[in-house]
Amino acid sequence: MTNEDLYSYVPDPLWERFKKGDQEAFAQLYNEHIDNLLLYGMKTIRKEQVVKDAIQDLFVELWRSRENLQSVRSVPLYLFKSLRYKLFRENKMRMEVPSASIPAYPSLLDSSIEMLILQREEECSHREKISHAIRQLPCRQQEAINLRFYQGFSNEQIALIMDINYQSVINLIHKAILQLRKHLGYILTLLIWVISIV
Amino acid sequence: MSEIEELLQNDDFVRWVLGPDEASQRYWEGWLRQHPDKAGIFQKAQELVRYLHGSEQRDADLLKQKNIAPWLWDRINEEIKAGAPAGRVVSLHPSRTHRPKTLLFFRWLGAASLAGLLGAGGYWFYHRDRHLPPAVSPPLAGLTVKASGRSALECINRGNTPQRVHLVDGSLIILGGNSSLHYEKFLQKDKREVYLDGEAFFDIATDAARPFYVHARGVLTQVLGTSFRIIARKEDKKIIVAVSTGKVAVGAEHPGTTNKVPEYILQANQEVVFDASLRATGRMPVTDTGLVAKPDLPEESFSFSDVPVSTVFRKLSDVYSVKIVYDEQQLSKCLITVSLDALSFEEKLALVCKVLGVQYREEDYQIVIEGKGCQ
């Protein structure tokens, strides 16, 4: 990875306060990023305990080594990259597990009320299918989708986080979109068509 | 690479869809003017990004319900304090009850309010400072409730302070300033329906058999049990529906048509804005997270300890604007201790009657209590 992208001479003020030992700044860093880190962790490795342990280690180590940490340009980029490193260090087996055998992350279909509304609405059931289709994607594609379309990272930042080159990110996103189209077939076309005439 | 995908791979495009600002808005509007032939593709790409984001958002909301963050923060602090890694076996079986509440934990609570100014959770504080009423307000203070015909009620909030309106099904509506609400006292048998002019936050009790409808200046919102805000002020020339939890279906009610198929299904933290001619902007992530934060009005307490039953009936009658008829002489000596919080009107009434050993029935849009009571 190129250090230029991660570290900077324009330091993040909250990060600087934290480096000086400000406990409230530390708590604030945690509060700002914990939900996104948990979601990203669960998308990357679908084992809650592994994710929780990795995040716990990450923040404990951050606090203990705060004085020696560099200034960073993008705190989330730094945290995501560090978390990913920990997740894979602690879960080397993951790559060998085919995605189909991994129990699906708690589905959103568990509320009967939501189901009722869904059943009323044809279009909505299509959306549910797309949600389902995303969960069928290989882990790395899901990870890339989460980073790009939820966390809002650029392709270059995703390359840094996932430790792959820029072109590989483009390919991952490309494959994910192709896969979604394949899984969904006409539904996606229909959905897009319906949306475009509204 | 298809043209749609080119947009999906464009960082600036994705960034704009996820969080538009003035500069990017200008840029992409300009782009669209220069490429009118690509309008269709543009819209499809935009909708796909929103969809992908929405799908991830739902997973995020579900995960948040597990409330892992505070627990994990405690673990982190314990480990930092202990100066050595905490055993993983312990972390598999969290026991909040035996954990001493550390100073750092309270610090976290304080910091949470600061951090919150930036994050979604903390809008709450910002909101409280700006709009919220004094901590204690008597029931229905500032709210005018008028009978409208025999069976309907009209609640008008002429002040600036939000006011609670309790419906008999257990739903709570927080009516904004200068707003009014119109509904059937006992709601309907097959549906629940209210009419809003102005602004309100709805926290609707779940009842899958009776959908809840809100009519607001030509926009119909349909839910089964969820919370959301509607802003439909005449002077605004627009109508906003923003969802806090669950799902709602929203659509324009075109006069003369019976077509009630909702146009949009909104999920938590999504909104749709209609202009004066009821054209909608499309489904978007909420722009002002304050809209979807539940207003922090003090809870109405329905706990009674050794009070005359008339006090309980008066409270119920005040809060739900429903007349309760009973024989005061016969029941005047009955003292009652009961907690009715978190129950619907009917459940409250049933419980009180059970305690007293009396029956109630609904007659002519009133409640009639019958029986000897405690004597």
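Everything here concerns the structure above.
Residues numbered from 1 in each chain as written. Chains lettered and ligands numbered in written order. Predicted model: local features only at pLDDT ≥ 70, side-chain atom pairs only at ≥ 80, totals over all residues. Heavy atoms only, no water.

**Student:** What exactly am I supposed to notice about the sheet that holds strand β19 (residues 366-370) of chain B here?
**Tutor:** Strands in a sheet are paired, the pairing made by backbone hydrogen bonds, and the direction either parallel or antiparallel. Residue and element names in this part refer to chain B. Read from one edge to the other, the open sheet built from 3 strands follows the order β16-β19-β18, with strand pairing classed as mixed. Two strands close off the open sheet at either side, each with one partner strand: β16 (324-325) and β18 (359-363). Two elements, β18 and β19, share 5 bridges in a ladder whose sense is antiparallel. The residue of β19 that forms the bridge with E362 is I367. Running over the sheet, helix α11 (residues 345-356) touches β16, β18 and β19 and is turned about 145° from β18. (Pairing = 2+ DSSP bridges. Helix = DSSP H or I, 4+ residues; strand = E, 2+ residues; numbered from the N terminus. Contact = heavy atoms within 4.5 Å. Axes fitted to C-alpha atoms, helices over the stretch in contact; angles between N-to-C directions.)

**Student:** What am I meant to see in the environment of E67(A) here?
**Tutor:** Residues and elements named next belong to chain A. Following the sequence through the fold, E67 ends up in the loop between α4 (48-64) and α5 (75-90). A relative accessible area of 62% places E67 in the exposed class. Separated by 48 residues in the primary sequence, E67 and K19 have C-alpha atoms spaced 5.4 Å apart. (Buried < 20%, exposed > 50% of the residue type's maximum accessible area, 1.4 Å probe, protein only.)

**Student:** How should helix α3 (residues 23-44) of chain A be read in this particular structure?
**Tutor:** Residue and element names in this part refer to chain A. The end-to-end C-alpha distance of α3 is 29 Å, a good match for the 32 Å that 22 residues give at a rise of 1.5 Å each. Along α3, the largest kink reaches about 50° and is centred on H33. With 17 of 22 residues buried, α3 is to be regarded as a mostly interior element. The backbone nitrogen of E24 lies 2.9 Å from a side-chain oxygen of the residue at the head of α3, namely D22. (Expected span 1.5 Å × (residues − 1). Bend = angle between axes of the 7 residues up to and from the residue. Polar contact = N/O pair within 3.5 Å; in protein donor to acceptor, adjacent residues only side chain to side chain.)

**Student:** Before we go on, may I ask you to explain the pattern of salt bridges in this structure?
**Tutor:** Between side chains of opposite charge, pairing is possible as soon as their charged atoms come close. Residues and elements named next belong to chain B. One pass over the structure, following the stated rule, counts 26 salt bridges over all chains. A salt bridge links R283 to E47; its shortest N-O distance comes to 3.6 Å. Residue R283 is found in the loop between β13 (270-275) and β14 (284-285), and its partner E47 is found in helix α4 (residues 39-65); the two are separated by 236 residues along the sequence. With respect to class, R283 is no different from E47; both count as buried. Residues E199 and R233 are paired through a salt bridge, measuring 3.5 Å at the closest nitrogen-oxygen approach. (Salt bridge = Lys/Arg side-chain N within 4 Å of Asp/Glu carboxyl O.)

**Student:** Would you mind going over the packing of helix α9 (residues 309-320) of chain B against α11(B) with me for this structure?
**Tutor:** A pair of packed helices is captured by two measures, namely the crossing angle of their axes and the spacing between those axes. Residue and element names in this part refer to chain B. Interaxial distance between α9 and α11 falls to 12 Å at its minimum, and their mutual angle equals 170°. If you check the angle between α9 and α11, you find them roughly antiparallel. Contact with α9, carried on its side by V309, V312, F313, L316 and Y320, involves F345, K348, L349, V352 and L356 of α11 and no other residues of that element. When grouped by side-chain class, the residues that make up the contact of α9 with α11 number 9 nonpolar, no polar and 1 charged. (Parallel < 35°, antiparallel > 145°, perpendicular 65-115°, else oblique. Nonpolar A, V, L, I, M, F, W, Y, C, P; charged D, E, K, R; others polar.)

**Student:** Is there a simple way to explain the pairing of strand β9 (residues 227-233) of chain B in this structure?
**Tutor:** All names here are of chain B. With 7 of 7 residues buried, β9 lies mostly within the body of the structure. The alternating pattern of β9 places S227, R229, I231 and R233 on one face and F228, I230 and A232 on the opposite face, and all of these are buried. Across 6 bridges, the pairing between strand β6 (residues 192-203) and β9 is antiparallel. Counterpart to F201 in the pairing with β9 is R229. In terms of strand pairing, β9 meets strand β10 (residues 238-245) through 7 bridges, oriented antiparallel. Considered in β10, the bridge of R229 is made with A242. Connecting β9 to the antiparallel partner β10 that follows it, the hairpin turn spans 4 residues, and K237 within it adopts a positive phi of roughly 60°.

**Student:** Is there a simple way to think about unusual backbone geometry in this case?
**Tutor:** In terms of backbone geometry, most residues other than glycine have negative phi values and most peptide bonds are trans. Although it is not a glycine, R217(B) sits at a positive phi angle of roughly 45°. Mapped onto the fold, R217(B) is located in the loop between β7 (212-216) and β8 (219-223).

**Student:** Explanation requested: the nonpolar core in the structure shown.
**Tutor:** Across soluble globular proteins, you tend to see nonpolar side chains buried next to one another. One finds W15(A), F18(A), F26(A), I55(A), F59(A), L62(A) and F13(B) to be the most contacted residues of the largest nonpolar core, which totals 80 residues. Here this core gets 11 residues from one element, more than from any other, and that element is α3(A). Those residues in contact with F26(A) that lie beyond four places of it in its chain are F18(A), F59(A), L62(A), W63(A), W73(B), I76(B) and I80(B). (Core = buried A, V, L, I, M, F, W, Y, C linked by side-chain atoms within 4.5 Å.)

**Student:** Hey, could you run me through the packing of aromatic side chains in this one?
**Tutor:** Aromatic ring pairs: the centre-centre distance and the angle between the two ring planes describe each pair. Inspection of every chain in the model, using the stated rule, returns 25 aromatic pairs over all chains. Ring centres 5.2 Å apart and planes at 65° place the aromatic pair W15(A) and Y78(A) in the edge-to-face group. Placement of W15(A) in helix α2 (residues 13-19) and of Y78(A) in helix α5 is noted, with a sequence separation of 63 residues between them. W15(A) gets classed as buried once you look at its relative accessible area, which sits at 0%. Using a relative accessible area of 14% as the deciding quantity, one classes Y78(A) as buried. Put simply, the rings of W15(A), F18(A), F26(A), Y30(A), F59(A), W63(A), Y78(A) and W73(B) pair up and form one aromatic cluster. Its guanidinium or amino end placed over the ring of F302(B), K315(B) lies 5.5 Å from that ring's centre, counting from NZ or CZ. Against the face of F302(B) rests K348(B), its NZ or CZ located 4.1 Å from the ring centre. (Phe/Tyr/Trp six-rings, centres within 6.5 Å; stacked < 30°, edge-to-face > 60°. Lys NZ or Arg CZ within 6 Å of the ring centre and 35° of its normal.)

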